[in-house]
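Reading the structure
So you can see what is in the structure, the chains are spelled out below.
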Amino acid sequence: MDYKKTNAPTNTVTRDLMELCEDTGNIYETVAVIGKRANQIGAEMKGDLSKKLQEFASYSDNLEEVFENREQIEISRYYEKLPKPTLIATQEYIEGKVYFRNPAKEKEKLQ
């Protein structure tokens, strides 16, 4: 999912834990699924941001030539205003857009 087009809230929202763990039946497993997805989203966001900021990188060794790049500041502000990866991952989980499986539970079903 594109994290830029998400409808996740930008601030913290109180969630009903029983409602969140309906799919897995275990709140700890639900938190692990959301946490892993949040790590994936965070890594994707970090990669995109560093790729965009790399265009403005200065490779000169002169520390006296420090200047503010307006476009670089705007890009940084845009990424700061995006919802945090945990909020995006939680919203994706609630909407059913996260695929997950537990191999241990699948193994128990086969036996």
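All values derive from a computational prediction rather than experimental measurement. Starting from 1, residues in each chain are numbered consecutively following that chain's sequence as written. Since the coordinates come from a predicted model, pLDDT governs what is reported: local features require at least 70, and pairs of side-chain atoms require 80 or more to be given and counted, while whole-chain, interface and lining totals use all residues. Each side-chain value is derived from all of the structure's non-hydrogen atoms; neither hydrogens nor water enter the calculation.

What to know about the overall build of the protein chain
- Segments assigned H or I by DSSP are reported as helices when at least four residues long, segments assigned E as strands when at least two residues long, and all are numbered from the N terminus. Per the secondary structure count, the protein chain includes five helices and zero strands.
- In sequence order, the secondary structure elements of the protein chain are arranged as α-α-α-α-α.
- Each residue gets one of three labels from its accessible area relative to the maximum for its type: buried under 20%, exposed over 50%, partly exposed in between, using a 1.4 Å probe on protein chains only. Residues classed as buried in the protein chain amount to 25% of the 111 residues present.
- Whether two residues are in contact is decided by their heavy atoms: any pair within 4.5 Å suffices. Look at the contacts in the protein chain between residues 6 or more apart in sequence, and 80% of them connect residues 24 or more apart.

Structural notes on the environment of Thr-10
- Within the element layout of this structure, Thr-10 appears in the segment before α1 (17–20).
- Under the relative-accessibility criterion, Thr-10 is labelled exposed at 57%.
- In this structure the C-alpha to C-alpha distance between Thr-10 and Leu-82, which are 72 residues apart in sequence, comes to 6.8 Å.
- Sequence-distant contacts of Thr-10, defined by excluding residues within four places in its chain, comprise Lys-81, Pro-83 and Leu-87.

What to know about the pattern of salt bridges
- Definition used for salt bridges: Asp or Glu carboxyl oxygen within 4 Å of a side-chain nitrogen of Lys or Arg. In this structure the tally under the stated criterion is three salt bridges.
- Glu-92 is paired through a salt bridge with Arg-37; the nearest N and O atoms lie 2.6 Å apart. Taken together, the positions of Glu-92 in helix α4 (residues 85–95) and Arg-37 in helix α2 (residues 27–54) put the pair 55 residues apart, joining distant regions of the chain.
- Judged by relative accessible area, Arg-37 falls into the buried class, the value being 15%.
- Of the charged contacts in the structure, one is a salt bridge between Glu-95 and Lys-97, with a shortest N-O distance of 3.0 Å.

Describing the layout of surface pockets
- Only protein atoms enter the 1 Å grid used here, on which a cavity is any set of points holding a 1.4 Å probe that cannot leave and a pocket is any open set flanked by protein within 12 Å on both sides along at least five of seven lines; residues with an atom within 4 Å of a point are listed as lining. Grid points are joined across faces, edges and corners, and a volume is the space filled by probe spheres set on the points. When its volume is computed, the largest pocket comes out at roughly 270 Å³.
- Looking at the largest pocket, the residues that line it are Glu-29, Ala-32, Val-33, Lys-36, Arg-37, Gln-40, Val-98, Tyr-99, Phe-100, Arg-101 and Asn-102.

Focus: the confidence of the model for the protein chain
- pLDDT gives the predictor's per-residue confidence on a scale running from 0 to 100. Here the protein chain averages 82 in pLDDT, while 87% of its residues score no lower than 70.
- Within the protein chain, the lowest mean pLDDT, 74, falls on helix α5 (residues 103–110), and the highest, 92, falls on α2.

Quick look at a negative patch on the surface
- Together, Asp-16, Glu-19, Glu-22 and Asp-23 line one region of the surface with negative charge.
- With respect to the element layout, Asp-16 can be found in the segment before α1.
- Under the relative-accessibility criterion, Asp-16 is labelled partly exposed at 46%. Each patch groups residues whose relative accessible area exceeds 30% and which form no salt bridge, using 9 Å between like charges and 5 Å between nonpolar side chains of Val, Leu, Ile, Met, Phe, Trp and Tyr. Per-residue accessibility takes into account occlusion by the displayed protein chains alone, with areas from the Shrake-Rupley method and a 1.4 Å probe. The convention is simple: Lys and Arg are positive, Asp and Glu are negative, and His and the chain ends are not counted. Taken as the charge centre is NZ of Lys, CZ of Arg, CG of Asp or CD of Glu, depending on the residue.

Quick notes on the packing of aromatic side chains
- In this scheme Phe, Tyr and Trp rings, the latter by its six-membered ring, pair at centre separations within 6.5 Å, and the angle between planes marks the pair as stacked below 30 degrees, edge-to-face above 60, and tilted otherwise. Taken as a whole and assessed by the stated rule, the structure comprises two aromatic pairs.
- Between Tyr-78 and Tyr-79, the ring centres sit 5.5 Å apart and the planes meet at 90 degrees, which makes this aromatic pair edge-to-face.
- Tyr-78 gets classed as partly exposed once you look at its relative accessible area, which sits at 39%.

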